[in-house]
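Chain and residue survey
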Amino acid sequence: MLRGTVIVLSAVVSAALAGHRLIPALGGFTPVLESLLPWLGAVVPFLLALAALARSRSAAVAALVPGLVWAAMFGSTALAEPPGGRSDLSVGTVNVGVTNDASGEAVRVVAEKLDLLAAQELTPGGPAAKQLNKMFKHRYTVSTVGLWSRFPLKDARPIDVGLGWPRALRAVAATPEGDVTVYVMHLASARPGHTASRDDSFAHARRLVDADRSRRILLLGDLNTASTDRVMDGLVPPLADAQREAGDGFGFTWPSSFPITRPDHILYKGMTATEARVAPATGSDHRAAVASFRL
């Protein structure tokens, strides 16, 4: 019986990993599964332990199958190292937390060595905005999102990503190496069984990117979508994911106490990512995403 259990569970986990994109929404189950997809690898040692208890070679072989599938899907990510090299632009994005009384300290630590910082869940005139105004010469804010820059910002404007009110912005940062078009977005929230608003705002974001003819584009923000969620296929490509291209590991950012998924993203095109990492954000339920680029 134990042998059979191991074989069945191994088959289920392998199928969930390899065929997750074929699973229908199932009342919101699939987005949760895809958000936690990398963690399915943790089941493999448990299955191997059960196979050892069953003293079954066939069960042990079956338990190794999901491990091999996981390695094929995520092994390169788990073992990746930043390519490094010269960088011209360092950027970050952080959801400071709307009720975070320590948001000023959070952004101070994150932004200390950055050229651009995007922030979400800002309180107008709150601690985070006040702190960033001291650290950066240039800024542009819209509602609860903002962009702070060491370089001049031009052509700045608010954007509605299908929420009925602006919770995104577009600006052009005039860097010494040339212009970089920057989008800051906080897309609609997604909950199990309630992803329609998120999906619609994601589609808006894709249309904006498709219509933008800028040579270099950065998209920074809390997209409320995990890196492994199939919806991310709507933006990656045409954009590249800095964490995937230049990060060390999965770069989980939420929840901050024990991150299990990555809704905070740095996406780009027209540049080369040289490093990507995660940074703590005091008092927020998110950690910050940070990356460097060569222009």
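This section reports on the structure supplied with the text. (Residues numbered from 1 in each chain as written. Predicted model: local features only at pLDDT ≥ 70, side-chain atom pairs only at ≥ 80, totals over all residues. Heavy atoms only, no water.)

Structural notes on the overall build of the protein chain
Tallying secondary structure elements over the protein chain gives eight helices and twelve strands in all. Over its C-alpha trace the protein chain gives a radius of gyration of 21 Å, about what one expects of a compact globule, namely 19 Å for 295 residues. Across its three principal directions, the C-alpha atoms of the protein chain cover 65 × 40 × 40 Å. Looking at the protein chain as a whole, 51% of its 295 residues are labelled buried. Surface summary for the protein chain: the accessible area is close to 13,300 Å², and the carbon and sulfur share equals 58%. Of the side-chain charges in the protein chain, 30 are positive and 25 negative, and the distance between the mean point of each set is 2 Å. (Helix = DSSP H or I, 4+ residues; strand = E, 2+ residues; numbered from the N terminus. Rg over C-alpha atoms; globule rule 2.2 N^0.38 Å. Buried < 20%, exposed > 50% of the residue type's maximum accessible area, 1.4 Å probe, protein only. Areas by Shrake-Rupley, 256 points an atom, 1.4 Å probe, with all protein chains shown as cover. Lys, Arg positive; Asp, Glu negative; His and termini not counted. Charge placed at Lys NZ, Arg CZ, Asp CG, Glu CD.)

Some thoughts on the sheet that holds strand β1 (residues 89-95)
Judged by pairing direction, the sheet is mixed, and its six strands sit side by side in the order β3-β4-β2-β1-β12-β11 without closing on themselves. The sheet is open, and its two borders are formed by β3 (138-142) and β11 (272-279), each paired with just one other strand. On average, each strand axis in the sheet is tilted by 15° relative to the strand beside it, whichever way the strands run. Of the pairings in the sheet, the one linking β1 to strand β2 (residues 116-120) comprises five bridges and is parallel in character. In the sheet register, Thr 93 faces β2, and the bridge partner there is Ala 118. (Pairing = 2+ DSSP bridges. Axes fitted to C-alpha atoms, helices over the stretch in contact; angles between N-to-C directions.)

Quick word on empty space enclosed by the protein
In total, this model carries one cavity of 30 Å³ or more according to the counting rule given. The computed volume of the largest cavity comes to approximately 30 Å³. Within the residue set of the lining of the largest cavity, elements represented by two or more residues are α4 (57-79) and α8 (242-246). Counted by class, the lining of the largest cavity contains one nonpolar, five polar and one charged residues. (1 Å grid on protein atoms, 1.4 Å probe; cavity = no way out; pocket = protein on both sides within 12 Å on 5 of 7 lines; lining within 4 Å. Points joined across faces, edges and corners; volume = space filled by probe spheres on them. Nonpolar A, V, L, I, M, F, W, Y, C, P; charged D, E, K, R; others polar.)

So, the layout of surface pockets
For the largest pocket, the calculated volume is near 590 Å³. Taken together, 24 residues form the lining of the largest pocket, with Ala 190, Arg 191, Asn 224, Trp 254 and Thr 261 sitting closest to its centre. Per element, the largest residue contribution to the lining of the largest pocket is three residues, and it comes from helix α2 (residues 29-35). When grouped by side-chain class, the residues that make up the lining of the largest pocket number nine nonpolar, nine polar and six charged. Approximately 360 Å³ is the volume attributed to the second largest pocket. At the level of elements, α4 and α8 are the ones that each hand at least two residues to the lining of the second largest pocket. Among the elements that line the lining of the second largest pocket, the one with the most residues is α4, at three residues.

Description of the side chain of His 286
Relative to the helices and strands, His 286 resides in the loop between β11 and β12 (288-294). Side chain to side chain, His 286 and Asp 264 meet in a polar contact 2.8 Å long. For His 286, the contacting residues outside a window of four places in its chain are Asn 95, Asp 222, Thr 253, Trp 254, Ser 256, Pro 263, Asp 264 and Ala 281. (Polar contact = N/O pair within 3.5 Å; in protein donor to acceptor, adjacent residues only side chain to side chain. Contact = heavy atoms within 4.5 Å.)

Concerning the nonpolar core
Of all hydrophobic cores here, the largest spans 27 residues; its most connected members are Leu 89, Val 91, Val 182, Leu 218, Ile 266 and Phe 293. The contact partners of Val 91, leaving out residues within four places of it in the chain, are Leu 114, Leu 116, Leu 218, Leu 220, Ile 266, Ala 289, Val 290, Ala 291 and Phe 293. Ranked by size, the runner-up nonpolar core spans 19 residues in total, among them Val 110, Ala 119, Leu 122 and Ala 281. (Core = buried A, V, L, I, M, F, W, Y, C linked by side-chain atoms within 4.5 Å.)

Observations regarding the sheet that holds strand β5 (residues 153-159)
Taking strand neighbours across the sheet as the criterion, the six strands line up as β5-β6-β7-β8-β10-β9 in an open arrangement whose pairing is mixed. Of all the strands in the sheet, just β5 and β9 (240-241) have a single pairing partner and so form its edges. Of the pairings in the sheet, the one linking strand β6 (residues 168-175) to strand β7 (residues 178-186) comprises eight bridges and is antiparallel in character. Bridging from a neighbouring strand, Arg 170 pairs with Tyr 183 of β7.

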